[in-house]
Amino acid sequence: MFDHSMPHPLLRTEAFIGGNWYRGERERRTAISNPATGAVLAEVVDLQQKDLEWAVQCAYQAFPSWRRMVAGQRALLLRAWYDEIMQHVEPLAEIITLEQGKPITESIAEVRYAASFIEWFAEEAKRLYGELVPPHMADKRIMVTRQPVGVVASITPWNFPAAMIARKVAPALAAGCTVIAKPAPQTPFTALALAALAEKAGLPAGVLNVVPTTDSEMAGNLLTSDLRIAKISFTGSTAVGKKLMAACSGTLKRLSLELGGNAPFLVFDDANLEDAVQGAVASKYRNAGQTCVCANRFLVHRSVSDVFASKLAAEVQNLRVGNGMMRGVDQGPLINESAVQKVEAHVQDAISKGATLVCGGKRHPLGGTYFTPTVLTGVNRTMLIAHEETFGPVAPIMTFDSDQEAIDLANDTRAGLAAYFYTESYQRFWRISEALDYGIVGHNTGLISTEIAPFGGMKESGVGREGSRHGILDYTELQYICSHIG
Ligand code: SIN
């Protein structure tokens, strides 16, 4: 960790636009607080409409030369950015924990996860192959190429302040697009630190612009209507995703949407219960339950549900809650007061409708936005917690009696991002994985995130995929060229 008596080496409080650190036309600032203590970390510029228009112009001007640069050269620049990030894992992780609250070990893992997307897409930049199609006429030749879509606006959430940006910016830059990245108002410093490292790595001016603002409505309206922007890539709530989609229709912008989940976690009667409990803790309590792929509903075969619940509660009661900067802490605070209120509302609603509190269920004695890790049993479909994403450290357990009932319960939602199931049966593995209407399925594991696989949802959980060889394609347009050769 760096020396606290010195200024943080990666703390930047200005926006990064057109290759310059920019204070805004009329310098306005907003204070960013540490959710663990409530203390102000620093003030960041709070950009207004004119400033964002300037960022759009810079990205637009940088696009022609960036797209013309040979892919191998873009790859080298991305690789240099990756190297810078890997040389600054600890200071970056510290910024994440200070502004977002997650334990420092999770922040370190997040920085490496973020960097992995940049490394991956640096490599993919060189493999953006086209096709030669056997012609339909003797004197014609047909070629299909992939062109960058243009200027991309990325809008990212606070729960993964580094990884969500990297997962969008890296494939966009690799494909030859330029980017305006709007970080969540709660977590601008991670984004700006990544920009500082991109600058150090030699990314040309205007290729990546980071625009902190608290005026999300102004930013949404501008970015979805400006003709110079070709695509919006958004991670966040389904409600906001739908608004952005509607707003993009006026200019028919391309869209990537990674939206809310309501992940079921199924435990069959032949599951290895020790493994299932470990997977449940990893999936549910990572980032204090604040991920789109966190298990949101535990569906457990009636014959093993009591054992599963008591083993899970024993693990959960051992989780250490505290300031994420302290080594040994497993769960930090929630992001803000309204996040805690939502968790409380879900727990109270479930208990009022007959659920049993096995452990937790209340704010943590540390106060602030800390919440005690919670397990509920006797949960059913009438409860809010069965239908809405809780985004907090609560494991609600429902029971089922047959495979069909498990599948019906699991699919009983408009969300379709991630699902998990535990079974030792090979036949059941195929039947269940094929029946789950989810973009991401974990079998006998609670951790599914990796840069090498396509991340994204079915139904109302989104549009498009991030990561893997598919992730770059969403930042390209197919172009077909028909040549008459005489
Ligand atoms: C998310 O919560 O949207 C992302 C989680 C992940 O990448 O694991």
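Computed from a predicted model, the values in this text were never measured in an experiment.

Re the domain arrangement of the chain
- In terms of domains, the chain is made up of domain 1 (15–259 + 460–481) and domain 2 (263–450).
- When domain 1 packs against domain 2, the two sides together hide about 2200 Å² of surface, and 56% of this comes from carbon and sulfur.
- Three residues stand out in domain 1 for area buried against domain 2, namely Trp158, Glu460 and Ser461, and they jointly supply 21% of the buried area on that side.
- For Glu460, the salt bridge is made with Arg414, and the minimal N-O distance between the two is 3.0 Å.
- Applying the counting rule to domain 1 against domain 2 returns 9 residue pairs in polar contact (both at pLDDT 80 or more).
- Those elements that place two or more of their residues in the side of domain 1 that touches domain 2 are α3 (89–100) and α4 (104–124).
- For the side of domain 1 that touches domain 2, the class distribution of residues is 11 nonpolar, 8 polar and 8 charged.

A look at helix α5 (residues 163–175)
- Counted at 1.5 Å a residue, the expected span for α5 with its 13 residues is 18 Å, and the 18 Å between its end C-alpha atoms agrees.
- Counting buried positions along α5 yields 13 of 13 residues, so the element is predominantly enclosed.
- At the exit of α5 stands Gly176, carrying a positive phi of roughly 105°.

What to know about the sheet that holds strand β14 (residues 356–359)
- In space, the 7 strands of this open sheet follow the order β14-β15-β16-β13-β12-β17-β18, with mixed pairing throughout. Two strands close off the open sheet at either side, each with one partner strand: β14 and β18 (440–443). Strand-to-strand twist in this sheet, taken as the mean axis angle between neighbours without regard to direction, amounts to 25°.
- Inspection of the sheet shows strand β12 (residues 263–267) paired to strand β13 (residues 295–301) by 5 bridges, in the parallel sense. Paired with Val267 across the bridge in β13 is Val300.
- Relative to strand β16 (residues 394–400), helix α12 (residues 403–410) is tilted by about 140°, and along the sheet it contacts β12, β13 and β16.

Reading guide: rules and limits
- Residues numbered from 1 in each chain as written.
- Predicted model: local features only at pLDDT ≥ 70, side-chain atom pairs only at ≥ 80, totals over all residues.
- Heavy atoms only, no water.
- Domains from an automatic or database assignment.
- Buried area = accessible area lost by both parts, 1.4 Å probe.
- Salt bridge = Lys/Arg side-chain N within 4 Å of Asp/Glu carboxyl O.
- Polar contact = N/O pair within 3.5 Å; in protein donor to acceptor, adjacent residues only side chain to side chain.
- Helix = DSSP H or I, 4+ residues; strand = E, 2+ residues; numbered from the N terminus.
- Nonpolar A, V, L, I, M, F, W, Y, C, P; charged D, E, K, R; others polar.
- Expected span 1.5 Å × (residues − 1).
- Buried < 20%, exposed > 50% of the residue type's maximum accessible area, 1.4 Å probe, protein only.
- Pairing = 2+ DSSP bridges.
- Axes fitted to C-alpha atoms, helices over the stretch in contact; angles between N-to-C directions.
- Contact = heavy atoms within 4.5 Å.

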